[in-house]
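Residue-level structural notes
Here is what each chain is made of, one letter per residue.
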Amino acid sequence: QVHLVESGGGLVQAGGSLRLACVGSGFTFSSYVMGWFRQAPGQQRELVAATWSSGKTLYADSPIKARFVISRDDDQRTVYLQMNGPKPEDTAIYYCASRPQGALNWGNWGQGTQVTVSS
């Protein structure tokens, strides 16, 4: 059974830094694309960033890419999201997700971790 467990959320001041982590189990981690999504109140869930075992990464847009770094450690079955210089608009529940390489749908989700950025 697939499990994704996020950690590292909390309250952070704007301009600070925060690192989220997600540990996966129950699947061949290195064969999966790992992603971070977020959902702000009243908003749809959106992709923040994704990472492949090959080293390829994908970011939602340039402003995100300029401030956040997604990385993974396949030996530790962990994917990270380093948030540098977060802004109040980054406040959201952040979710870890996984999908097999080549699949279209993100079929596995963590429970989410709340990130609140104060101004």
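What counts, and at which threshold
- Residues numbered from 1 in each chain as written.
- Predicted model: local features only at pLDDT ≥ 70, side-chain atom pairs only at ≥ 80, totals over all residues.
- Heavy atoms only, no water.
- Buried < 20%, exposed > 50% of the residue type's maximum accessible area, 1.4 Å probe, protein only.
- Helix = DSSP H or I, 4+ residues; strand = E, 2+ residues; numbered from the N terminus.
- Pairing = 2+ DSSP bridges.
- Contact = heavy atoms within 4.5 Å.
- Polar contact = N/O pair within 3.5 Å; in protein donor to acceptor, adjacent residues only side chain to side chain.
- Axes fitted to C-alpha atoms, helices over the stretch in contact; angles between N-to-C directions.

Below, the discussion takes up the pairing of strand β4 (residues 32-39). The buried count for β4 comes to 7 of 8 residues, which makes it a mostly enclosed element. Alignment of β4 against strand β9 (residues 92-100), held across 8 bridges, turns out to be antiparallel. Bridged to Gly 35 within β9 is Ala 97. Pairing of β4 with strand β5 (residues 46-51), which is carried by 5 bridges, proceeds in the antiparallel orientation. Bridge pairing in β5 places Gly 35 opposite Ala 50. Remark: 6 residues form the turn of the hairpin made by β4 and β5, two consecutive strands paired antiparallel; Gly 42 in that turn has positive phi of roughly 75 degrees.

Inspection of the secondary structure puts Glu 46 in strand β5. Setting aside chain neighbours within four positions, we find Glu 46 in contact with Trp 36, Phe 37 and Arg 38. A distance of 2.8 Å separates a polar atom in the side chain of Glu 46 from a polar atom in the side chain of Arg 38.

The subject of this paragraph is the sheet that holds strand β8 (residues 78-84). The pairing of strands in a sheet happens through backbone hydrogen bonds and is either parallel or antiparallel. Pairing is antiparallel in the open sheet, where 4 strands are placed in the order β1-β3-β8-β7. Each edge of the open sheet is held by one strand with a lone partner, namely β1 (3-7) and β7 (68-73). The mean angle between the axes of side-by-side strands here comes to 15 degrees, regardless of whether they run parallel or antiparallel. Note that β7 and β8 share 6 bridges and pair antiparallel. Considered in β8, the bridge of Phe 68 is made with Met 83.

Just distances and angles here, no functional claims.
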